[in-house]
Amino acid sequence: MKQSAKILLIMFLVLCSLRSFGQVSARWDLIENHFGDQGYHEAKLSLTNTSDQTIEGGWNLYFNTIFISVATQSRHEDLRFRHLQGDFFVIEGKSKSPAIAPGETLVIPYRSQGSFLKNSYAPEALIFEQANGSFFEVKEYQTASISREELIQMAEGSSIPIGQNQTLLPKKEWEENQLPPFLPSPKQWKYTGPSIRVKNTGLGVVGDPEFAQVASFLLQGIKKGYKPKVNREERPITIQVNRVEGLAKEAYRIRIEDRKVAISASFPQGALYGVQSFLAMMPADFWGEGTDELLLPQVEIEDEPSYGYRGLFLDVARNFQPKEQIFKVLDLMSFYKLNVFHFNLANDEGWRIEIPGLPELTEFGSRRGFSKEEKDFLWPYYGSGAYPEQSPSGTGFYSREDFKEILAYAHSLHIEVIPELGVPAHSRAAILAMEKRYRDLMKAGKPDEALRYRLADPDDRSVYLSAQNFKGNTVCVCQESTYTFYEKLIQEIKTIYQEAQVPLQTWHTGGDEVPRGAWKASPICDDFLAKNPEIKREDLNDYFRYRVAQLLKKEGIGHGGWEEIGQSHEGKQIVPNEKFSDQNWRLYAWNAVAGWGGEDMAYKLANAGYPVVICSSANFYFDLAYNWDPDERGHTWSGVVDTYQAWKTVPGKLYLSHDQTIDGNEWNWDEAEERFTRLTEKGKSNILGVSGQLWTETVKSPEMMEYYLLPKMLGYVERAWAGDPKWASLAKEDEMKRFRAEEWDRFVFLLRKKELPRLTYQFGGFNYRKPAD
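Residues numbered from 1 in each chain as written. Predicted model: local features only at pLDDT ≥ 70, side-chain atom pairs only at ≥ 80, totals over all residues. Heavy atoms only, no water.

1. What to know about the overall build of the protein chain
No. 1: Secondary structure assignment for the protein chain yields 20 helices and 27 strands.
No. 2: For the protein chain, the C-alpha atoms occupy an extent of roughly 85 × 65 × 65 Å along the three principal directions.
No. 3: As displayed, the protein chain has an accessible area near 32400 Å², and 49% of this comes from carbon and sulfur atoms.
No. 4: Across the protein chain, 91 positive and 107 negative side-chain charges occur, with their mean positions spaced 3 Å apart. (Helix = DSSP H or I, 4+ residues; strand = E, 2+ residues; numbered from the N terminus. Areas by Shrake-Rupley, 256 points an atom, 1.4 Å probe, with all protein chains shown as cover. Lys, Arg positive; Asp, Glu negative; His and termini not counted. Charge placed at Lys NZ, Arg CZ, Asp CG, Glu CD.)

In structure tokens form, the structure reads like this:
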């Protein structure tokens, strides 16, 4: 009887649980949408009680969106919107939210600053918390959408160029001998005759001893795609990977004559790129199920990169990507000859790397889900869901062994991995994890251990909001425990590199977007400044940067960070900080919104003496939407970025990289050249290269990541390898634009003919964005 009663109780609880999931349905509708300087939108959330029981008053509705104001105004007399952290909001009663009768629909109108631009900007991932504290995800949720035509009509009279975008449709048919043999385009190539097609032919690969690993890589690559039934009467294909003297580290030569292939290089890096170039000349079906035919272009190639730094930045903190997807990204990078993987492993919304001795970082900081107080795991930022174990984008981290595998694989492809653990801002996951550690150790009676790695000043009453709308996301730079913590990170990550037998050359400290107001009401900082009168409160950022740089220097690691670590303020103007310009800090110049005035900051910093990587947000930020169509996901804060926007970038003459401002106004090349800082000879030598960035606030899965990256990344890799386009050296604007259009047409033809068909199959296939035309 007891067992039967237990089974009945379990069944009752399960039924109650299932019933609660269907208790509420919801719908979102846009009411008004206004553009201009005082743009705003009005919308409504409608909640319907779909059960046969009254929903008791006192409920709360939680949701995610980063596209409404933190001061959003409710038009319902009994309800208010309250911003919690980041993109996480709650709708709650001003005193108590009203009861909802069976079948009743409660309409909650609201008004928010900012125009509504994308259908994906509507509130998402609704979580309904009942008066008794139980909660469930609202599964039955519909959002009304607007069409491109409707958005154009709404934006009429504004300067936002919603109807404009470049197509991926070439205007002419290009002959094979008019096209480069692959992307990124090699420096020099010459076709010596028509391509030959061979079938069921034997093949052999021979490499100099120094290039044995590269030769093996080529052979394995060929075996995956070439499936001949060897005809012994056919002359075989012979491929030699030769070491020669006199070429640069990443340079190579290829000569294909009849069935003989010679790949020459002086260093393994160049040999690998020569091999990747040979594989890039294979047809699309080679990458699919395989083929018994090979196409051998009769060609001579001499090639080397324009930049030594050709990077890809990936943020896995905002939304996580599994280890297998990182391997796939590294394969893609190597194929397109990118050589630096900038790996953002921590941010406000997540901590993604195991650190021995600090288990709280992953036990707390790598998990996201719903709770009232955010004490056991982070809140479900970016709609990652109420339940931590059911949240592949919100929950996840790389173990030490995972990270070693990633390092070793990247190293085998001659890709440097630069870890980024950003400070002092963007640190909320770490701060809360260390607060949990503090509480647990204090309860255990270990106050010294509790304080050892603490990052927060518990009595700090500073009021600020970060760029991503976080409060309390900046570490206390005035206490030694913060530096003890960061030194611990450096030492543990360095140990992982050593165990993987991979050198740790550069560490990225972040350093960007420190919110105004941080540390202004910190008692610990007040005490620190009183004891160190030579340091002013406005100098705390510089103090922190220098201290962190010294920790890295002590370990023999180079210091990198976003452009802010090499900047200071002169009144309202942002200028290079001369204080650290001789420290060899590598700066990543990112804030280049067209029309905001910082488009030439990379040049100013390089002229001042800083090594600089150009990361232009207006050209190389792949999380920006492909276009203004409301169905196209992504950010628009720095405009939109498609393949063309990345391709047309001119790193050596950045003023030629735009045709219009963020507001849709004409960008005049002559006027921009006049006001732009010119690179000095010293400045030119300090431009290390370029980097493409994928931040992941709006990227929820591996498939979405691939969509955001491809094909726009291919426009970027052309610039990363080939450097400034030839048209940028012409004298007159009309000549430049005419030649640019011709070169773009050639690029698009090659993209559609070879690159996109290959991406369908390559490395398991990519979910690239299909051309709309």
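2. Here's the deal with the side chain of threonine 661
No. 1: Secondary-structure assignment places threonine 661 in the loop between helix H15 (643-647) and helix H16 (669-675).
No. 2: For threonine 661, a relative accessible area of 16% translates into the label buried.
No. 3: Ignoring sequence-local partners within four residues, the contact set of threonine 661 consists of Ala594, Gly595, Glu666 and Trp667. (Buried < 20%, exposed > 50% of the residue type's maximum accessible area, 1.4 Å probe, protein only. Contact = heavy atoms within 4.5 Å.)

3. Looking at the packing of aromatic side chains
No. 1: Taken as a whole and judged by the stated rule, the model has 53 aromatic pairs.
No. 2: Each ring, one from tyrosine 644 and one from tryptophan 744, has its centre 4.8 Å from the other, and the planes form 65°; the classification is edge-to-face. Note that tyrosine 644 is positioned in helix H15 and tryptophan 744 in helix H20 (residues 733-759), a separation of 100 residues in sequence. In this structure, tyrosine 644 and tryptophan 744 share a single accessibility class: buried.
No. 3: Positioned above the aromatic ring of tryptophan 174 is the side chain of lysine 172, whose terminal nitrogen or guanidinium carbon lies 4.0 Å from the ring centre.
No. 4: Its end group placed over the ring of phenylalanine 766, lysine 328 keeps NZ or CZ at 4.6 Å from the ring centre. (Phe/Tyr/Trp six-rings, centres within 6.5 Å; stacked < 30°, edge-to-face > 60°. Lys NZ or Arg CZ within 6 Å of the ring centre and 35° of its normal.)

4. Remarks on the sheet that holds strand S12 (residues 203-207)
No. 1: Taking strand neighbours across the sheet as the criterion, the six strands line up as S11-S16-S14-S15-S13-S12 in an open arrangement whose pairing is mixed. Across the chains shown, the open sheet's two edge strands, defined by having one partner strand only, are strand S11 (188-199) and S12. Sheet twist, expressed as the average angle between the axes of neighbouring strands with direction ignored, equals 20°.
No. 2: Judged from the nine bridges that link them, S11 and strand S16 (residues 293-303) form a sheet pairing that is antiparallel. When the bridges of S16 are listed, isoleucine 196 appears paired with leucine 296.
No. 3: Against the sheet, helix H3 (residues 212-225) touches S12, strand S13 (237-243) and strand S15 (260-265), its axis set at about 165° to S12. (Pairing = 2+ DSSP bridges. Axes fitted to C-alpha atoms, helices over the stretch in contact; angles between N-to-C directions.)

5. Some thoughts on the sheet that holds strand S5 (residues 79-85)
Strand pairing in a sheet takes place through backbone hydrogen bonds and is either antiparallel or parallel in direction.
No. 1: An order of S5-S6-S3-S8-S9 is seen for the five strands of this open sheet, with the pairing classed as antiparallel. In the strand order of this sheet, the two ends are held by S5 and strand S9 (135-137), each with one partner. Sheet twist, expressed as the average angle between the axes of neighbouring strands with direction ignored, equals 25°.

6. Focus: the pattern of salt bridges
No. 1: Considering all chains together, one arrives at 51 salt bridges under this definition.
No. 2: A single salt-bridge network, built from bridges that share partners, covers Lys190, Arg255, Glu257 and Glu300. (Salt bridge = Lys/Arg side-chain N within 4 Å of Asp/Glu carboxyl O.)

7. Notes on unusual backbone geometry
No. 1: The peptide bond linking valine 423 to proline 424 adopts the cis configuration, its omega dihedral lying at 0°.
No. 2: Tracing the backbone through its elements, the reader meets proline 424 in the loop between strand S20 (416-423) and helix H8 (428-443).
No. 3: Residue proline 711 is bonded to the preceding leucine 710 through a cis peptide linkage, with omega at 10°.
No. 4: Its place among the elements puts proline 711 in the loop between helix H18 (702-709) and helix H19 (712-722).
No. 5: Positive phi, normally seen in glycine, also occurs at lysine 337, with a value near 65°.
No. 6: Structurally, lysine 337 is set in the loop between helix H5 (323-335) and strand S18 (340-347).
No. 7: The backbone of histidine 426 shows a phi angle near 55°, a positive value even though the residue is not glycine.
No. 8: For histidine 426, the location among the structural elements is in the loop between S20 and H8.
No. 9: Accessibility expressed as a relative area gives 7% for histidine 426, which makes it buried.

8. So, H5
No. 1: Spanning 13 residues, H5 covers 19 Å between terminal C-alpha atoms, matching the ideal 18 Å at 1.5 Å per step.
No. 2: Judged by how many residues are buried, H5 sits mostly within the fold: 12 of 13 residues are covered.
No. 3: Within the span of H5, buried status applies to Lys323, Gln325, Ile326, Phe327, Lys328, Val329, Leu330, Asp331, Leu332, Met333, Ser334 and Phe335.
No. 4: After H5 finishes, the residue lysine 337 shows a positive phi value of roughly 65°. (Expected span 1.5 Å × (residues − 1).)

9. Comments concerning H8
No. 1: The first and last C-alpha atoms of H8 sit 23 Å apart over 16 residues, in line with the 22 Å expected at 1.5 Å per residue.
No. 2: Residues of H8 that are buried include every one of Arg428, Ala429, Ala430, Ile431, Leu432, Ala433, Met434, Glu435, Arg437, Tyr438 and Leu441, and no others.
No. 3: Tucked into the core, H8 has its buried residues touching S5, S18, strand S19 (350-351), helix H6 (360-363), helix H9 (447-452) and helix H10 (480-499).
No. 4: Following H8 by one or two positions, glycine 445 has its phi on the positive side, about 75°.

10. Focus: the state of the cysteines
No. 1: This structure, assessed with the given rule, holds one disulfide.
No. 2: For cysteine 478, the disulfide goes to cysteine 525, at an S-S distance of 2.2 Å. Of note, the bridge from cysteine 478 to cysteine 525 carries an S-S torsion of about 95° and is right-handed in sense. You can see cysteine 478 sitting in the loop between H9 and H10 and its partner cysteine 525 sitting in helix H11 (residues 523-531), a full 47 residues away along the chain. (Disulfide = S-S within 2.5 Å.)

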